[in-house]
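# Per-entry structural report
The residues making up each chain are set out below.
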Amino acid sequence: PKQHQSSMKTHGPYNSTTTIIKIDNELKQEDTAALVAFFSFLFACILLGTFVYYGSWCRMHLRRVCIYPLQKLCCEKGRRQLWARHREAVIRHDKRLADEAPLISEEDDPLEAQLDTLVGLEPLKDEIRALRRSLVVEQQRQTVLQLHKDSKVQAPHLVFKGSPGTGKTHAARLIANLLRELGYVQGSLVEVQRADLVAGYVGQTALKTRRVINRAKGGVLFVDEAYSLVEGDGGKSSDFGREAVQELMRDLTSGDPVVILAGYPSEMEGFLRVNPGLGRRFQVRFDFKDYDAAELAAIFVKIVERNDFKLAPDASPTAIESILSSKFAPALRRRWNGGLPEGLFRRARDALAKRLNVLTMSADTASTLEKRDIVQGAQILAATLGDAHDSAPTPPPPPRRLPSGFEDMMKTLGPVTAINERLDRLEKAMQRPAPPPENPWADSNA
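Residues numbered from 1 in each chain as written. Predicted model: local features only at pLDDT ≥ 70, side-chain atom pairs only at ≥ 80, totals over all residues. Heavy atoms only, no water.

## Section: the overall build of the protein chain
Spelled out, the test is: Secondary structure elements are defined from DSSP: runs of H or I of at least 4 residues count as helices, runs of E of at least 2 residues count as strands, and each element is numbered from the N terminus. Remark: exposure states derive from per-residue accessible area (1.4 Å probe, protein chains only) relative to the maximum for the residue type, with buried under 20%, exposed over 50%, and partly exposed in between. Per-residue accessibility takes into account occlusion by the displayed protein chains alone, with areas from the Shrake-Rupley method and a 1.4 Å probe.
Tallying secondary structure elements over the protein chain gives 21 helices and 7 strands in all. Scored against the burial criterion, the 446 residues of the protein chain give a buried share of 33%. Just so you have it, the protein chain exposes about 28,900 Å², and 57% of that area is on carbon and sulfur atoms.

Okay, here's the thing in structure tokens:
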């Protein structure tokens, strides 16, 4: 008993209330941890769903707030130097007009050096020169008037109309690069087609188009074959394309992004008439004409230089023009346009590889295309693409002869016109109503 009493004094009596409170506190702590974990998971799901739904919007503002300022900060020195070169080129041009300075070389003008990569397209080049001049004049006007307001010149939306291979995509990439150098835009070029804008279900086209527009914010949006948006396979697909056009028109007034539409000439004219406000917002339009033989020869020379090859003295631009005119029909040149010089260069390079000896060739012969290489490549390419010359019109097929039994039957029935007259009389006779009886009351009197 004494030992039991001492143990009671040491450890105390068993208290059930204290145990219950302790267990309850532990349960409350576990419930609190579970609730915290549940709400944390719920918040993460909501955050993830918001980012997925507004992902393009978040990326657009991230580029605008963080990426573009960082790029401008890191490349500020190079941008200022490039802008100074553009400004100096405009000033020299004005001095040349006043007969105070010599002609400007392409090395001194960064714009002309890039425009030289385009063959032809003089109206487009003049428009780009006018854009640069507008920006330089606006900056100079602010300096003269001591204006601190940052008024930015807005680049126009463009429409490119032309056949395939006339350089529409190349021109769009060049314009996007030049607009970025000149300060009109900060982003890059986004190239899309109908499949990138139109969805297959109701209500999804606007969201899909909006994501593409947000991705192109601050840059240039190039829509190739834009007429296909309203020329679907009828019904719902055409309505979805019109929904994409409506969503695109919401951002045309602000000028961000700069939109370039491209397609065939007749189809693009019909596309611009789909919506009255669409043609009004695209007032700058360019026709990309089919290349002639001289322009195709100039493109071939540029392709050769771009691939670190050179032409032999006998392979002059005039000789290349003669080869293109003699080996390829005008219809074939119009159908392939800029793709023809590219294919001709690959074939000429293959002909050069067959002619060279690996053991004895030098660096000069390995990179020089001669006239015979181009002629051989043109022959192979013409045979691959089709007839090299204008073919005569295909004669109509000979009339089919009927068997002898049918011919005898046709002779018996007479000419075809007589047969048609007999059939017409028979049809009228079958459609003629029956004559009424002479005495309609005859049956009732009987």
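Picking up after the structure, the text goes on.
## Considering the side chain of Ser228
For clarity, the threshold we go by: We define a polar contact as two N or O atoms separated by no more than 3.5 Å, with the added condition that, inside protein, one atom must be a possible hydrogen donor and the other a possible acceptor, whereas residues neighbouring each other in sequence contribute only through side-chain atom pairs.
Mapping Ser228 onto the fold places it in the loop between strand S3 (220-224) and helix H10 (236-249). Residue Ser228 is classed as buried on the basis of its relative accessible area, which comes to 14%. Side-chain polar atoms of Ser228 contact the backbone oxygen of Glu225, separated by 2.6 Å.

## Some details on unusual backbone geometry
With a phi close to 55 degrees, Leu121 is a non-glycine residue in the positive phi region. With respect to the helices, strands and loops of the structure, Leu121 is situated in the loop between helix H5 (110-115) and helix H6 (122-145). One non-glycine residue with positive phi stands out, namely Asn337, at about 50 degrees. Topologically, Asn337 is positioned in the loop between helix H15 (330-336) and helix H16 (339-355).

## Section: the packing of H6 against helix H7 (residues 168-182)
Stated precisely, the cut-off is as follows: All axes are obtained by fitting lines to C-alpha atoms, using only the stretch in contact for helices, and the reported angles, taken between N-to-C directions, cover 0 to 180 degrees. For classification purposes, angles smaller than 35 degrees are called roughly parallel, those larger than 145 roughly antiparallel, those between 65 and 115 roughly perpendicular, and all remaining angles oblique. Only heavy atoms matter for contacts: two residues are in contact if any of them lie within 4.5 Å across the pair. All residues other than Ala, Val, Leu, Ile, Met, Phe, Trp, Tyr, Cys, Pro, Asp, Glu, Lys and Arg, Gly among them, are scored as polar; the first ten of these are nonpolar and the last four charged.
Axis separation between H6 and H7 bottoms out at 11 Å; the angle between their running directions is 10 degrees. On the basis of the axis angle, H6 is roughly parallel to H7. Listed contacts from H7 to Leu124, Ile128, Leu131, Arg132 and Leu135 of H6 are Ala171, Ile175, Leu178, Leu179 and Leu182. Class assignment of the residues belonging to the contact of H6 with H7 gives a composition of 9 nonpolar, no polar and 1 charged.

## Quick notes on the pairing of strand S5 (residues 284-288)
Here is the rule we go by: DSSP-based pairing: two strands are paired if at least 2 bridges between them are found.
The side-chain alternation of S5 yields one buried face, formed by Val284, Phe286 and Phe288, and one unburied face, formed by Arg285 and Asp287. Sheet topology places strand S1 (residues 158-162) next to S5; 5 bridges connect them, and they run parallel. Along S5, the bridge assignment pairs Leu158 with Val284.

## Considering the pattern of salt bridges
The line we're drawing: For this analysis, a salt bridge means a side-chain nitrogen from Lys or Arg found within 4 Å of a carboxyl oxygen belonging to Asp or Glu.
For the structure on display, the rule yields 16 salt bridges. One salt bridge in this structure joins Glu112 and Arg129, with 2.6 Å as the shortest N-O distance. In this pair, Glu112 sits in helix H5 while Arg129 sits in helix H6, placing the two residues 17 residues apart along the sequence. Judged by its relative accessible area of 22%, Glu112 falls in the partly exposed class. Given the relative accessible area of 26%, Arg129 is considered partly exposed. Arg285 serves as the salt-bridge partner of Glu269, at 4.0 Å between the closest nitrogen and oxygen. Here Glu269, found in helix H11 (residues 265-272), pairs with Arg285, found in strand S5; they are 16 residues apart in sequence, far enough to count as distant. Taking relative accessible area as the criterion, Glu269 reaches 26% and is therefore assigned partly exposed. Taken together, the shared-partner salt bridges in this structure form one network comprising Arg210, Lys217, Glu247, Arg250 and Asp251.

## Considering the nonpolar core
Going by this rule: Nonpolar core, defined: a set of buried Ala, Val, Leu, Ile, Met, Phe, Trp, Tyr and Cys residues in which side-chain atoms within 4.5 Å join the residues together.
Counting residues in hydrophobic clusters, the biggest one holds 30 residues, and the most contacted among them are Leu124, Phe160, Ile175, Leu179, Tyr184, Val220 and Ile260. Listing elements by their share of this core, those giving two or more residues are H5, H6, S1, H7, S3, strand S4 (258-263) and S5. It is H7 that contributes the most residues to this core, 8 residues altogether. Each residue touching Ile175, except ones within four places of it in the same chain, is listed here: Leu124, Ile128, Leu158, Phe160 and Ile260.

No statement about biological role is implied by the geometric values presented.
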